[in-house]
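Geometric and topological summary
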Amino acid sequence: MLLKKVRELCEKKGISIYRLEKDLGFPGASICKWGNSVPGVDKLKKVADYFDVSIEYFFDNHNS
């Protein structure tokens with residue numbers, strides 16, 4: 001669900017996940033791995049801040 005939410009936010013903003021990773025200084029393909037693992041809070045916070053959402057947004061089933 002986490003990766004799906006990030007993809008949805010990227011689509012709304014009109015950017016790719018690759019662009020998001022580059023903008024945030026993350027290693028390539030690191031966000032794509034979030035489909036199988038949970039990122040650290042620091043990385044998730046950076047993504048949340050980038051999209052101006054709360055960290056809770058990524059775990060709320062009502063926002064999808």
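Residues numbered from 1 in each chain as written. Predicted model: local features only at pLDDT ≥ 70, side-chain atom pairs only at ≥ 80, totals over all residues. Heavy atoms only, no water.

1. With respect to the packing of helix H1 (residues 2–13) against helix H3 (residues 41–51)
Note the following rule: For helices, the fitted axis covers only the stretch in contact; all axes are lines through C-alpha atoms, and the angles between them, taken along N-to-C directions, range from 0 to 180 degrees. Helix and strand labels come from DSSP, where a helix needs a run of H or I of at least four residues and a strand needs a run of E of at least two; each type is numbered from the N terminus. When an angle is under 35 degrees it counts as roughly parallel; over 145 it counts as roughly antiparallel; between 65 and 115 it counts as roughly perpendicular; any other value is oblique. Left-handed describes a crossing in which the near helix is turned anticlockwise from the far one by less than a right angle; the clockwise case is right-handed. Throughout, a residue-residue contact means that at least one pair of heavy atoms, one from each residue, lies within 4.5 Å. Amino acid classes used here: Ala, Val, Leu, Ile, Met, Phe, Trp, Tyr, Cys and Pro are nonpolar; Asp, Glu, Lys and Arg are charged; the rest, including Gly, are polar.
Two numbers describe how H1 lies on H3: the axes approach to 11 Å, and their chain directions differ by 30°. Relative to H3, the element H1 is oriented roughly parallel. The two elements H1 and H3 meet at a crossing, and its hand is left-handed. Contact residues: H1 offers Leu2, Val6, Leu9, Cys10 and Lys13, while H3 offers Leu44, Val47, Tyr50 and Phe51. Per-class residue counts for the contact of H1 with H3 are eight nonpolar, no polar and one charged.

2. Some points on the environment of Trp34
Here Trp34 lies in the loop between helix H2 (17–24) and H3. Note: C-alpha distance between Trp34 and Met1 (33 residues apart in sequence) is 9.1 Å. Not counting chain neighbours up to four residues away, the residues in contact with Trp34 comprise Leu2, Leu3, Val6, Phe26, Pro39, Lys43, Leu44 and Val47.

3. Considerations on unusual backbone geometry
The criterion, for reference: Under the scheme applied here, a residue whose accessible area is under 20% of the maximum for its type counts as buried, over 50% as exposed, and between as partly exposed, the area being computed with a 1.4 Å probe on protein chains only.
The residue Ala29 is not glycine, and still its phi comes out positive at about 65°. Within the secondary structure layout, Ala29 lies in the loop between H2 and H3. A residue is classified by how much of its surface remains accessible, and Ala29, at 40% relative accessible area, is partly exposed. Residues other than glycine seldom take positive phi values, yet Asp52 does so here, at roughly 60°. Looking at where Asp52 falls in the secondary structure, it is placed in the segment after H3. Note on Asp52: relative accessible area 71%, which makes it exposed.

4. A closer look at H1
Stated formally: By definition here, a helix of n residues has an expected span of 1.5 Å times n minus one. Picture the helix axis, draw a direction to every C-beta atom, and the arc is the one those directions span.
Taking 1.5 Å as the rise per residue, H1 with twelve residues should run 16 Å; its terminal C-alpha atoms sit 17 Å apart, in good agreement. Residues of H1 that are buried: Leu2, Leu3, Lys5, Val6, Leu9 and Cys10. Projection of H1 onto a plane perpendicular to its axis shows the buried side chains occupying an angular sector of 160°, all on one side. Those residues of H1 that are exposed and angled more than 90 degrees off the buried face are Glu11 and Lys12. Looking at the packing, one finds that the buried side of H1 touches H2 and H3. One or two residues past the end of H1 sits Gly14, with phi positive at roughly 75°.

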